[in-house]
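# Chains, contacts and geometry: an overview
Okay, here's what each chain looks like letter by letter:
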Amino acid sequence: MLAICIPQIAHAGNPLIPHVYAADPSAHVWPGDDRLWLYTSDDRPGTDTHDTMTSYHVFSTTNLVDWTDYGMVLHLKDVKWAASHMWAIDAVLWKGTYYLVYCAQELNTGVYRTGLATSSQPQGPFTDIGFIQGVDWGQDPALFVDEDGKPYLTWGCGGGCYAAQLSDDLRSAIPGTTVNLKKQLTWVFEGPWIHKYKGQYYLSYPGLPDGQWPEHMYYATADKPLGPYTFRGKFMGSGKKMAGTNHGSIIKYKGHWYFFYHSAWVSNGNGTCRNLMCDELYYNPEGTIQKMEPTTEGVAVEGTEPAPSRVTMLLETENGAPSGGRLFGTHVATNLAGFSGTGYVTGFNHANDSVTVLAQVAKPGKWHLKIRYAAQNDEVARLIVNVTRGKEQRTFPKTDGFAELDLGIIELQAGDNLISLIEPRRQKPTGSIAVDYFKLEPAAQIMKLMQSDDFF
Ligand code: FUB
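Residue positions within a chain follow its written sequence, with the count starting from 1. Local features are withheld for residues below a pLDDT of 70 in this predicted model, meaning they are given only at 70 or higher, and side-chain atom pairs are given and counted only at 80 or more; totals for whole chains, interfaces and linings count all residues. Excluded from the side-chain calculations are hydrogens and water; all other atoms, namely the structure's heavy atoms, are used.

## Comments concerning the overall build of the protein
A tally of regular secondary structure across the protein gives 1 helix and 33 strands. C-alpha atoms define the radius of gyration, and 2.2 Å times the number of residues to the power 0.38 defines the globule rule. For 456 residues, the compact-globule estimate of 2.2 N^0.38 gives 23 Å, and the protein sits close to it at 23 Å. Projecting the C-alpha coordinates of the protein onto the three principal axes gives extents of approximately 70 × 65 × 45 Å. Counting the 456 residues in the protein, one finds 59% classified as buried. Each accessible area is a Shrake-Rupley estimate made with a 1.4 Å probe; only the visible protein chains count as cover when residues are assessed. Total accessible area on the protein is roughly 18900 Å²; 51% of this is exposed by carbon and sulfur atoms. Secondary structure is summarised from DSSP: a helix means a run of H or I of at least four residues, a strand means a run of E of at least two, and numbering begins at the N terminus for each. Whether a residue is buried, partly exposed or exposed follows from its accessible area with a 1.4 Å probe, protein chains only, as a fraction of its type maximum: under 20%, in between, or over 50%, in that order.

Right, dumping it as structure tokens:
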């Protein structure tokens, strides 16, 4: 008998990736990589202001359902020129290097600058290299590279919405190319994003109708990236538990167009504790964008219901301080084959030598912890979560190369969690353990818990 395979359709669900407060998603698909990447701002649990934003997060997926959270990838403490307000963000792959393109208020002046930070990998962590020259009041940057390879930056907030062509090293706006698009973009307030569809440039942005909050999403089109733009209208309004702000990116992935944006569904409407969202975007035959609304189903994906978004936190030990972790007495090495990321941490040669990673979550809850490591002998190490004590001594059996060890369930608190592996005091350290990464998965299914009072 001939079996006919009909792909079944499920939905990824919204909010997307609800375990962490994140906003302003910039979506990218890098050449030669089938993953979709999200570069996002971070909101602090419990805050009631955007002024507490100090870092950025990166996520990836291959199917819009299973997401990897790489944790914090850049923090204010590592940006010498910046004082505060690490707001919206973008990223670009430029001449083989991944750049985070972000904004922060400059020390002493309070002026928003557009910073650049680089990494050899799409998931970071990123190292700041200073801000782009000639871009004043550079809040909400987005970097669009045209098909001819020319880079354009858009940015702005209430006072204006600007675009300029950047120099070949991305470090400055080419003099004479900056245009203020404000008059061409009805109600524009902030968050511009350019994408190209059928040869036309689409500039989408959050705007304030009649100058009134909350923000709605509008767009305009042009024949050239720097305009002039023609206003086309609204494609998403606001609604229940939206955040007041909205901000997002439009991208084609595996044959479909998507709008990534944010809401405040997880925080029950607190516009400063936002979560990511995604819905499919459709064009009319003449190229206008169809009106859309935030949906709870989210995007359609292959599979069977229920297929709510699932997440794995992958915290690479070698990232250390740039990702909010810490190495004490230990060091990063690359000699052993088979590590993930850019290395592993080893050299636990003295009592209390340690490696610490940072895990950030929106709400308290139980997580399943696995650690990937290699050891020439059976090893013992202390596992400490947020400086709690108890039965924290764990055995790490001898391995043949790198292997994952299941360490069971740990409890995370809302916000920052420091998870450490520490060389115990009462043993002769051998230093042979090599720790590759910490992996965390929610102990219960995310969407089910989201719907209960006891989310996480
Ligand atoms: O996330 C902080 C600010 O809120 C962004 O820069 C704006 O676009 C708005 O989303």
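Next comes the rest of the account.
## Here we look at the pattern of salt bridges
Counted as salt bridges are all cases of a side-chain nitrogen of Lys or Arg within 4 Å of a carboxyl oxygen of Asp or Glu. Considering all chains together, one arrives at 16 salt bridges under this definition. Residues Glu106 and Arg113 are paired through a salt bridge, measuring 3.0 Å at the closest nitrogen-oxygen approach. As far as burial versus exposure is concerned, Glu106 and Arg113 are alike and both buried. A cluster of three or more residues bridged by salt bridges with shared partners is formed by Glu106, Arg113 and Asp136.

## Let's talk about the environment of Arg394
Relative to the elements of secondary structure, Arg394 occurs in strand S30 (residues 393–396). Each C-alpha atom of the pair Arg394 and Leu93 lies 41 Å from the other, and the pair is 301 residues apart in sequence. By definition, residues are in contact when any of their heavy atoms lie within 4.5 Å. Sequence-distant contacts of Arg394, defined by excluding residues within four places in its chain, comprise Glu379, Val380, Ala381, Leu383 and Leu407. The definition of a polar contact used here is a pair of N or O atoms within 3.5 Å, where within protein one atom must be able to donate a hydrogen and the other to accept one, and adjacent residues in sequence count solely through side-chain atom pairs. Here the side chain of Arg394 touches Leu407 through a polar contact of 3.0 Å, landing on its backbone oxygen.

## What about the packing of aromatic side chains?
Only centres within 6.5 Å qualify two rings of Phe, Tyr or Trp (six-membered ring in Trp) as a pair; their planes then separate them into stacked at under 30 degrees, edge-to-face at over 60, and tilted for everything else. Using the criterion set out here, one finds 27 aromatic pairs in the structure. A centroid spacing of 6.1 Å and a plane angle of 75 degrees characterise the contact between Tyr219 and Phe235, whose relative ring orientation is edge-to-face. With Tyr219 in strand S17 (residues 216–222) and Phe235 in strand S18 (residues 230–236), this residue pair connects regions lying 16 residues apart in the sequence. For the pair formed by Tyr219 and Phe235, the shared burial category is buried. Three or more aromatic residues joined by ring pairs make a cluster, and in this case those are Tyr197, Tyr202, Tyr219, Phe235, Trp257, Phe259, Tyr261 and Tyr283.

## A short note on unusual backbone geometry
Cis rather than trans, the peptide bond between Asn14 and Pro15 has omega equal to 0 degrees. For Pro15, the position within the fold is in the loop between strand S1 (9–11) and strand S2 (22–28). A cis amide bond, omega 5 degrees, links Gly124 with the succeeding residue Pro125. Counting through the fold element by element, Pro125 comes out in the loop between strand S9 (112–119) and strand S10 (127–131). Of note in this structure, Lys95 is not a glycine but carries a positive phi near 50 degrees. Mapped onto the secondary structure, Lys95 falls in the loop between strand S7 (89–94) and strand S8 (97–106). The exposed category is assigned to Lys95, whose relative accessible area is 60%.

## Overview of the pairing of strand S21 (residues 275–280)
For S21, the tally of buried residues reaches 6 of 6 residues, placing the bulk of the element in the interior. Of the two faces of S21, the one carrying Asn275, Met277 and Asp279 and the one carrying Leu276, Cys278 and Glu280 are both buried. Pairing of strand S20 (residues 256–263) with S21 involves 6 bridges; the strand directions are antiparallel. By the bridge assignment for S21, Tyr261 is matched with Met277. Two strands are said to pair when DSSP picks up at least two bridges between them.

## Concerning the site of the ligand
Surveying the vicinity of the ligand reveals the residues Asp24, Met53, Trp87, Ala88, Gln139, Asp140, Glu190, Thr245, His247, His262 and Arg274. Ala88 places a main-chain nitrogen or oxygen 3.3 Å from an oxygen atom of the ligand. Side-chain polar atom of Asp140 to an oxygen atom of the ligand: 2.4 Å apart, as the coordinates give it. Burial of the ligand by the protein chains amounts to 99% of its free accessible area of 270 Å². We call Asp, Glu, Lys and Arg charged. Ala, Val, Leu, Ile, Met, Phe, Trp, Tyr, Cys and Pro are nonpolar, and the rest, Gly among them, are polar. Of the residues in the shell around the ligand, the class split is 3 nonpolar, 4 polar and 4 charged. Proximity is defined per residue: any heavy atom of the residue falling within 4 Å of a molecule or strand makes that residue near it.

## Quick notes on the sheet that holds strand S14 (residues 179–180)
On the basis of which strands lie adjacent, the open sheet formed by 4 strands has the order S11-S12-S13-S14 and antiparallel pairing. Of all strands in the sheet, those with a lone pairing partner are strand S11 (142–145) and S14, marking the two edges. In the sheet, strand S12 (residues 151–157) pairs with strand S13 (residues 160–165) via 6 bridges, with the strands oriented antiparallel. From the neighbouring strand, Leu153 faces S13, where its bridge partner is Ala164.

## Considering the sheet that holds S20
The sheet built from 3 strands is open, its strands ordered S19-S20-S21 with antiparallel pairing. One side of each edge strand has no neighbouring strand; the edge strands of this open sheet are strand S19 (249–253) and S21. Neighbouring strand axes in the sheet, compared pairwise and without regard to direction, differ in orientation by 30 degrees on average. With 5 bridges joining them, S19 and S20 adopt antiparallel strand pairing. Paired with Ile251 across the strands is Tyr258, a residue of S20. Helix axes use the C-alpha atoms of the stretch in contact, all axes being lines fitted to C-alpha atoms, and the angles between their N-to-C directions lie in the range 0 to 180 degrees.

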